[in-house]
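Breakdown of the fold
The primary structure of each chain is shown beneath.
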Amino acid sequence: MRHTDGRSSTGSGANRTEHPLNGVDSLIVVSNRQPYRHEFDGATAREPPIDTAGGDREVTVDRPACGLTAGLDPVLEDAGGTWIAWGDGDADRAVTDGRDCIGVPPEDESYTLRRVWLTEEALEGYYYGFSNQVLWPLCHEFVDFLEFRPEFLEWYREVNGRFADAAVDHVTGESVVWLQDYHLALTAGMIREAAPQETTIAQFWHVPWPTPEAFRHCPGGRELLAGLLGNDLLGFHVDAYCTAFLECIERFVPGAVVDSRLGIVRYEGRETHVVATPMGVDAAAYDERAREADGEWAAFCEEYGISPGNAIALGVDRLDYSKGIPERLAGVERFLESAPGFHGEFTFVQKATPSRTEIPAYERHGEFVRSEVERINDRFATADWQPIVYTEAYLPEETLSALYRRADTMLVSPLYDGMNLVASEYVAASVDGDGALLLSERAGCHDLLGTFAYSIDPRWDGEFAATIERALTADDGERRRRMAGLRHRVFEHDLEWWMDAQFGEIDRVRRVTAPSRGRSPGDPSGSV
Ligand code: G6P
């Protein structure tokens, strides 16, 4: 199994000026979510108005604040190229040209954003249906949550086809197409059929890959696996997901030959290279924002009635059943039972962002979380103290940075998670060096951070409670030693490192797969 090395760096992804793919004909990124969204009258925007292309109505643009879209945006700004994504903003159509394209960033157009339009029906089937009621629960091993209707798979095929067609439109000879995540499992195979042989196709799968035992429940599973084998390179966060993927190929794709040691699948005369590269965050940016977050903590305490000097535990998640929020609340409840000395002196702040709310499992989950918070608060609250502060409000970056910096301990307790970038964000923002990370053994980032974190089994509330107490009462030396180790790893494996590692792998694979794509090895026109 290959584990990519990447070039080590501690710099900020936002400041990068070159990458190993400089020199390819074109770079085409394809993802479900888009980097820029246009809205009428600032419906969800955080930026000032940029133009009035929508007629009389003011149009605002929502920009990437964090995550993959924020990290890749400067790469495309530098390299040029095209980003293909679902246009989900209400003014998106009004600002695009006849080819559904718009130059971005708005003030300095350096690459093309090509939007794919989805009707309500398409969205229901492809996004809410197959992506998030079949693949998401399956990949996170919540097989009981799987809801399937045949039209989900039909729409998934149809929409993957639209993304593939859009990508093929922009391919020019030696293009690199880089697909993102589980929404697009069939796209690589479709592009492979239509694009020139010289095109390199890579995909990064941001969620876990399930075991064959879970994957066998996947409707259309063999078709999906064959689609993914249209890639020259397939990336996962950790080795375990690569292994599980290769096992699924061996078990479900007749005719595919798997070299598990090298992480190569040979199928229909082509090779797919499978690599593990743990994704990171723009650590320098989180560090900087945390240092600048002055006064935000006091304002947050004032707004939510927290005693500013309390011991603070923090949770920050999408409101998703895989994140283990009810189990975390159970851990906090046991802690409150077993450590009465902390009553009045401790606050657990949980920020949850509602997500995929049209799906019944998400709605039920949100209701359960809210009712648990209420029940626990009713049980322990006094006239002037409430143990849990729960909010679903949008928190500006500065407030989030202040929370990360101030939290004595961060509770990251997913039941299963591809990587979990919140853990790394917390570490990068812990600029005072004395925060403590409680981390689920079931998060992908545990491979990288487990040595220095306080590891927990998220479902074992007794151990969870004892570990909260242990982290909060650890001496300063222990906390600082652990945080120093965590910060070293998070800065070493930041977003720029991840992108360099991925681009380095794409470049390597372009060279080694040249013969199977009909070109002679070492053909200089294929190098970058
Ligand atoms: C996960 C997925 C991403 C997705 C994100 C937010 O991290 O891997 O692809 O964008 O969740 O979910 P949403 O459904 O709102 O895009």
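All residue numbers here refer to positions counted from 1 along the written sequence of the relevant chain. At least 70 in pLDDT is required for a residue's local features to be given in this predicted model, at least 80 for side-chain atom pairs to be given and counted, and no such filter applies to totals for whole chains, interfaces and linings, which use all residues. Only heavy atoms go into the side-chain values, all of them from the structure, while hydrogens and water stay out.

Topic: the packing of aromatic side chains
A pair of aromatic rings is counted whenever rings of Phe, Tyr or Trp (Trp by its six-membered ring) have centres within 6.5 Å, and the orientation is called stacked for planes under 30 degrees apart, edge-to-face for over 60 and tilted otherwise. According to the stated counting rule, one finds 28 aromatic pairs in the structure shown. Between the aromatic rings of Tyr404 and Tyr426, the centroid separation amounts to 6.4 Å while the plane-to-plane angle is 65°, which identifies the pairing as edge-to-face. Of this pair, Tyr404 sits in helix 13 (residues 397-406) while Tyr426 sits in helix 14 (residues 421-429); the two residues are 22 residues apart in sequence, bridging distant segments of the chain. Each member of the pair, Tyr404 as well as Tyr426, carries the same accessibility label: buried. Here a set of aromatic residues connected by ring pairs shows up, and it is made of Trp205, Trp209, Phe215, Phe236, Phe245 and Phe252. Charges are assigned to positions over rings by a cutoff of 6 Å between ring centre and Lys NZ or Arg CZ, combined with an angular limit of 35 degrees from the ring normal. A cation over a ring is seen here: Arg57 above Phe40, with NZ or CZ 4.1 Å from the ring centre. Residue placement shows Arg442 over the ring face of Tyr416; its charged tip is 4.5 Å from the ring centre. Helix and strand assignments come from DSSP, with helices taken as H or I runs of at least 4 residues and strands as E runs of at least 2, each series counted from the N terminus. The cut-offs for exposure are 20% and 50% of the maximum accessible area for each residue type, with area from a 1.4 Å probe on protein chains only; residues under the lower value are buried, those over the upper are exposed, and the others partly exposed.

Points about the environment of Gly161
Counting through the fold element by element, Gly161 comes out in helix 4 (residues 150-170). Under the relative-accessibility criterion, Gly161 is labelled buried at 15%. Considered as a pair, Gly161 and Leu186 are 25 residues apart in the sequence and their alpha carbons are 7.8 Å apart.

Observations regarding helix 4
What a helix is expected to span follows from its residue count: subtract one and scale by 1.5 Å. For helix 4, built from 21 residues, the straight-helix expectation of 30 Å at 1.5 Å per residue is met to within 8% by its first-to-last C-alpha distance of 31 Å. Turning to helix 4, its buried residues number three or more, namely Phe152, Leu153, Trp155, Tyr156, Val159, Asn160, Gly161, Phe163, Ala164, Ala166, Ala167 and His170.

A word on the domain arrangement of the protein
The assigned domain composition of the protein is domain 1 (2-280 + 496-517) and domain 2 (283-493). Placing the centre of domain 1 and that of domain 2 at their C-alpha centroids yields a distance of 30 Å. Note on contacts: a residue pair is in contact if any heavy atoms of the two residues lie within 4.5 Å. Contacts between domain 1 and domain 2 engage 32 residues on the former and 25 residues on the latter. Put simply, buried area is how much 1.4 Å-probe accessible surface two parts lose in total, over both of them, once they are put together. Across the interface of domain 1 and domain 2, roughly 2500 Å² is buried in total on both sides, 60% from carbon and sulfur atoms. It is Tyr128, Trp136 and Phe142 that lose the most area in domain 1 upon contact with domain 2, and together they represent 21% of the buried surface on that side. Just so you know, the domain bounds were taken from an automatic or database domain assignment.

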